[in-house]
Amino acid sequence: MDTRGKSTGYDPIALAAATEKVVVAGNRRKYANLARPLRFYGGTVSATEVGCNLRCHYCFSDRPVRKPGSTGRFYSPQEVFDALDKSAKKYGYKLISASASEGTLGKEHLFELLELVDESDYIFVLETNGMTLGHDPEFAQQLAQFRNLHVRVSIKGTNPEEYHTLTGARASSYALPFNALRNLIDAGVSCNACVMISFSDDDGIRAVQERLAAIHPGILKSLELEEITLFPKVAEHLKKAGLKPTRARLP
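What counts, and where the lines are drawn
- Residues numbered from 1 in each chain as written.
- Predicted model: local features only at pLDDT ≥ 70, side-chain atom pairs only at ≥ 80, totals over all residues.
- Heavy atoms only, no water.
- Helix = DSSP H or I, 4+ residues; strand = E, 2+ residues; numbered from the N terminus.
- Rg over C-alpha atoms; globule rule 2.2 N^0.38 Å.
- Contact = heavy atoms within 4.5 Å.
- Areas by Shrake-Rupley, 256 points an atom, 1.4 Å probe, with all protein chains shown as cover.
- Buried < 20%, exposed > 50% of the residue type's maximum accessible area, 1.4 Å probe, protein only.
- Pairing = 2+ DSSP bridges.
- Expected span 1.5 Å × (residues − 1).
- pLDDT = per-residue confidence, 0-100.

Draft legend 1. Molecular detail of the overall build of the chain. Counting its regular elements, the chain contains 10 helices and 9 strands. Relative to the 2.2 N^0.38 estimate, which gives 18 Å for 251 residues, the radius of gyration of the chain is 17 Å and therefore close to what a compact globule would have. If you line up the chain on its principal axes, its C-alpha atoms span 50 × 40 × 35 Å. Considering only contacts in the chain between residues 6 or more positions apart, those separated by 24 or more positions represent 76%. Of the roughly 11600 Å² of accessible surface on the chain, 51% is carried by carbon and sulfur atoms.

Draft legend 2. Highlighting the pairing of strand β3 (residues 44-49). Within β3, 6 of the 6 residues are buried, which leaves the element mostly enclosed by the surrounding structure. Burial along β3 is two-sided: Thr-44, Ser-46 and Thr-48 and Val-45, Ala-47 and Glu-49, pointing in opposite directions, are all buried. A loop of 5 residues connects strand β2 (residues 28-38) with β3, the two strands running antiparallel in sequence, and Tyr-41 in this loop sits at a positive phi of about 60 degrees. The pairing of β3 with strand β5 (residues 95-99) spans 4 bridges and is parallel. Pairing of Ser-46 across the sheet is with Ser-97, part of β5.

Draft legend 3. Expanded view of helix α8 (residues 176-187). An ideal rise of 1.5 Å per residue puts 16 Å on 12 residues; α8 measures up with 16 Å between its terminal C-alpha atoms. Those residues of α8 that sit buried are Leu-176, Pro-177, Phe-178, Ala-180, Leu-181, Asn-183, Leu-184 and Ala-187. Packed against the buried residues of α8 are α1 (12-23), α5 (131-135), α6 (137-143), β7 (149-155), β8 (191-196) and α9 (202-215). Positive phi appears at Gly-188, one or two residues downstream of α8, with a value of about 80 degrees.

Draft legend 4. Region of the structure containing the confidence of the model for the chain. Within the chain, residue pLDDT values average 96, and 97% of them lie at 70 or more. Note on residues 1-5: pLDDT is under 50 here. Beyond four places in sequence and across chains, it has 5 contacts.

Next up, the structure:
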């Protein structure tokens, strides 16, 4: 696939704006599920968001990402927090999150939800691909007002060409999650990076580690190297895209 033309592929920022029109209504956002226990971070309760601004071929989320218009329903920040709170108390967890789509869609909803989290003893993990946070430095400054927040920035692949192949997005937008991390660190927001390495070689992994270290050496201490889990739907999408992982986990 020829990715020399940096404009080849869709624009994640434009797709974010288009998706918000489908999954955001005032301070309400669409969710497919409000509270499910997950093993991540030693145990967390997570709401399943609807709507994303990337179309990763390996994405496990399926309908919430690919069919946002016909998936889920709208909920207020209070409804989301109440459901997370109830489930977290049941399982004894202190971490709550929203996942399976893009966490930065719908600023008003997100900020109101984070205000509720700040009034509690929970830590909210904001899952993001970093596109909007890398495009808008002010966004990170706005997030700095919330004390019970940690942002996890997921980087799709180890270089622009690999990213384009995995997501279909224009290669130039690969820089955005790195900008996001820089913006978050400059704003004093707790954050870490995660890199999808299931389609990468060792040289690529070293290169992305060096790129991250150039932003802030300490970021490597919390860096997650992520491998896909080959769920049946994931394997089906990868086959259709002609992609074969170099490393992966079985479900």
